[in-house]
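Spelled out, the chains give:
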Amino acid sequence: MDRISLEHGAGGKLSHDLFTRVFASKYGNRHLSRAADKAVLRIGNRRIAFTTDAFIMSPRKVPGCSLGALSIHGTVNDLLTCGAKPMYVSASFVMEEGFPVKELGEIAEDMASAAKGCEVEIVTGDTKVVERGKADGAFVVTSGIGEVLSRVDVSGRNARPGDSVIVTGSVGRHGVAVLIARGEFGLATEIKSDCSSLTGLILPLLRKYGPMIHSLRDPTRGGIGTTLNEIALESKTCLRVEEAGIPIDPSVKAACDLLGMDPLYMACEGVMAIVVDPRAESQVLRALRKRGAKEAAPIGRVISIPKGRVLMTTSVGGIRHVGMLRGVSLPRIC
Amino acid sequence: MTTSSFSDPRLVSDLAARISSLGVKDVQLMEVCGTHTVSLARHGVKSLLPSGIRVVSGPGCPVCVTSDSDLNLAFQAARTEGATVATFGDMMKVPVGGISLLDLRARGADVKTVYSPFDVLSLPSRGTTVFFGVGFETTSPGVAALLREACRRGVRDLCLISCFKLIPPALRAILSAGDTKIDGLILPGHVSTIIGTRPYEFLADEFDVPGVITGFEPVDLMMAIYALLKMIKDNKAALVNAYTRSVRPEGNQEALKLLGEYFEPADAEWRGLGRIPKSGLALRPEHSDYDAARRLRLVRTQLAEPSGCRCADVIRGAALPTECPLFSKKCTPENPVGPCMVSSEGACAAYYDYG
């Protein structure tokens, strides 16, 4: 590795390697973790969650999602995965000269309305302009802080054998929606992104079942496949999942089949993976469904070995290993 | 049957029971097609088979069988002033001497990924667009259609490195070499949709090896495996078309006709199999204006394959990926040594991802 390739940004194994090799050794401090886009900091006697993310969507609008909405929902959902109530967000823009002010206004409007919807305030920000051609239109960087709820600790380390693994909705919709909206494949169908804030779904759950919820993760880049691997690696356990149990929208599945892609590695922007004490599984599922997550489903269990691995019973009864996303998902070529 | 019944767990488990009850042991089948390799791995089909049944991958991953000397032609094109090289995703990552097209792009070469041959026509180019074409009978008719369109529009700034290959001659080469035990062949669904069933008749007639053409769903694969094992048990060798919902005996005549207008069979270099007579497609002489080697004066050189890498054995079914000393140690999808680890349809990548 002597140059950055697109694959270093895809959220899979190369992204992790880049973090370890280039950043972790130099920044080295006790707060910096493998899940490097978030940290939980003790300030006085409060636990503050702090996250940051850069958003580079192309195209900037797809069905169900816009760059502005994503930049807020993404950061808010990251704060939730720290077990925190999202509170304040910053927003910085890098734009090309010539970028239409009208579109910038639309992005800001989408951000404002997303922020209102998840009860956070955008309190600071910055704008930088680069020469035409030096950035793909506009990039948005948001950071957020929130306070971690009491009796809540939802790090990936906390998954334990016996726990139940739940997803709150059908997976892969955002990734497929963006791919199709790019129009490169000439698919006439339209798939709606799941981009949304999970505040209304997750906060009540944390308040009610706090200590029973062991890990929370949002399967964004790299999809549910990569997220499950992260939990298995961090908790040194094995996640044993059932393919038939993983909710996948039929149109997402059909598009993936056609393009030779795996929905397990397609990004979600409005889904959470929850590792929960088995005694609370059915209550948590009921609570999720009551709050509108109709597709919430148990997808498997945590077992002790083989450590750091994800095993899946396929829908036809075979058994296979589920790896991390590697490289950029590309359609097959024959 | 509806589409979903081709992945019906009850049918699959019923077929698994039938396969077990055949009691056939010590059998090695080969899946020829890369898409079959991925489907077998993704559905965990091999975990449903009794222990004496081994399924090895064959030469049907187009990225994997492209030789280093062919790749080197694309590298030369990428280094040519005023040239833009376009190719399919996985070809970008295959290393030759530690360098890939992706590396050349990071160093300033203009190399672009396309999803379909026709994307080439709308690609911004530095001057001449060179399409580095790999693939089998499924891909090449699309490129013939591209050339027809280019001729029609009078496009002059397009040329082609043709590394297209033909499946039946490769199967003949593997069976003739006789160093791989193959008791039955799972034959490709997409390729057969184009070429039909007749080009495979020699398998049973000349080599006494049964073959089943099948689709890509778990039930398709289990049916093919059952049919092969049944023939092996009964000591019969025949060609069976189990993919009649897509494959006709005569194939797709229109696609074959178009292919014949632009290409003709030519000897080709395969990784792992060497030079095989009439196993590739070259531009017909009347279309040699589109030949990139001629246009850009590219020179073919022989290159040694990386040491220790057993891709060549994996491609002819002589080794499982896990039998290569580099597998998952020196050779991983992040740092691939050989192409079988690069391509998503490569046997090594499938073993790494799903094994």
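Refer to the structure above for everything that follows.
A.B. asks: Give a description of the overall build of chain A that names residues and reports values.
C.D. replies: Scanning chain A for helices and strands turns up eight helices and 14 strands. Relative to its length of 334 residues, chain A is compact, with a C-alpha radius of gyration of 19 Å against a globular reference of 20 Å. Its C-alpha atoms give chain A principal-axis dimensions of roughly 60 × 55 × 45 Å. Residues counted as buried form 54% of the 334 residues belonging to chain A. Put simply, of all contacts in chain A between residues at least 6 apart along the chain, 82% involve residues at least 24 apart. Accessible surface, chain A as shown: approximately 14800 Å² in total, 54% of it carbon and sulfur. Taken as two groups, the 43 positive and 35 negative side-chain charges of chain A have centres that lie 7 Å from each other.

A.B. asks: I'd like a rundown of the environment of Ala268 of chain B, residues and numbers included.
C.D. replies: All names here are of chain B. For Ala268, the position within the fold is in strand β10 (residues 263-270). Since its relative accessible area comes to 11%, Ala268 is described here as buried. When the C-alpha atoms of Ala268 and Thr66 are compared, they prove to be 9.6 Å apart, with 202 residues separating the residues in sequence. Discounting residues that sit within four places of it in the chain, Ala268 has contacts with Lys165, Gly274, Arg275, Ile276, Ser279 and Gly280.

A.B. asks: Provide a residue-level description of the pairing of strand β13 (residues 309-313) of chain A, including the pertinent values.
C.D. replies: Residue and element names in this part refer to chain A. Counting buried residues in β13 gives four out of five residues, a clear majority hidden from the surface. Pairing between strand β10 (residues 238-242) and β13: five bridges, direction parallel. By the bridge assignment for β13, Arg240 is matched with Leu311. When β13 meets strand β14 (residues 319-321), the two strands line up antiparallel, connected through three bridges. The residue bridging Thr313 from the neighbouring strand is Ile319, located in β14. Counting the residues in the hairpin turn of β13 and β14 gives five residues, including Gly317, whose phi is positive at 95°.

A.B. asks: I'd like a rundown of the sheet that holds strand β1 (residues 38-43) of chain A, residues and numbers included.
C.D. replies: All names here are of chain A. A sheet is described by the order of its strands in space; here five strands give the open sequence β1-β2-β7-β5-β6, paired in mixed fashion. The sheet terminates laterally at β1 and β6 (121-130), the two strands that pair on one side only. If you compare each strand with its neighbour and ignore which way they point, the axes differ by 20° on average. In this sheet, strand β2 (residues 46-55) lies alongside β1 in antiparallel orientation, the contact comprising six bridges. Bridged to Val40 within β2 is Ala49.

A.B. asks: Which residues make up the interface of chain A and chain B, and what are the values?
C.D. replies: Contact with chain A, which involves 29 residues of that partner, is made by 36 residues of chain B. Summed over the shared surface of chain A and chain B, the result is zero salt bridges. Remark: the boundary between chain A and chain B carries four residue pairs in polar contact (both at pLDDT 80 or more). Mapped onto the side of chain A that touches chain B, the elements with two or more residues apiece are α1 (13-27) and β14 of chain A.

A.B. asks: Summarise the pattern of salt bridges; cite the residues concerned and give the values.
C.D. replies: Residues and elements named next belong to chain A. Tallied over the full model, the rule gives 33 salt bridges over all chains. When the shortest N-O distance is used, the salt bridge between Asp262 and Arg320 registers 3.8 Å. Of the two residues, Asp262 sits in the loop between α7 (250-259) and β11 (273-276) while Arg320 sits in strand β14, which places them 58 residues apart along the sequence. Exposure remark for Arg320: the relative accessible area of 2% places this residue in the buried category.

A.B. asks: For the state of the cysteines, give the residues involved together with the corresponding values.
C.D. replies: All names here are of chain B. By the definition in use, this model includes one disulfide over all chains. The residue that forms a disulfide with Cys61 is Cys64, at a sulfur-sulfur distance of 2.3 Å. Every disulfide takes its handedness from the sign of the S-S torsion; for Cys61 and Cys64 that torsion is 70°, giving right-handed. With relative accessibility at 4%, the residue Cys61 sits in the buried group. Residue classification places Cys64 among the buried positions, given a relative accessible area of 2%.

Parameters at a glance
- Residues numbered from 1 in each chain as written.
- Chains lettered and ligands numbered in written order.
- Predicted model: local features only at pLDDT ≥ 70, side-chain atom pairs only at ≥ 80, totals over all residues.
- Heavy atoms only, no water.
- Helix = DSSP H or I, 4+ residues; strand = E, 2+ residues; numbered from the N terminus.
- Rg over C-alpha atoms; globule rule 2.2 N^0.38 Å.
- Buried < 20%, exposed > 50% of the residue type's maximum accessible area, 1.4 Å probe, protein only.
- Contact = heavy atoms within 4.5 Å.
- Areas by Shrake-Rupley, 256 points an atom, 1.4 Å probe, with all protein chains shown as cover.
- Lys, Arg positive; Asp, Glu negative; His and termini not counted.
- Charge placed at Lys NZ, Arg CZ, Asp CG, Glu CD.
- Pairing = 2+ DSSP bridges.
- Axes fitted to C-alpha atoms, helices over the stretch in contact; angles between N-to-C directions.
- Salt bridge = Lys/Arg side-chain N within 4 Å of Asp/Glu carboxyl O.
- Polar contact = N/O pair within 3.5 Å; in protein donor to acceptor, adjacent residues only side chain to side chain.
- Disulfide = S-S within 2.5 Å.

Without other data, these values stay purely geometric and don't point to any function.
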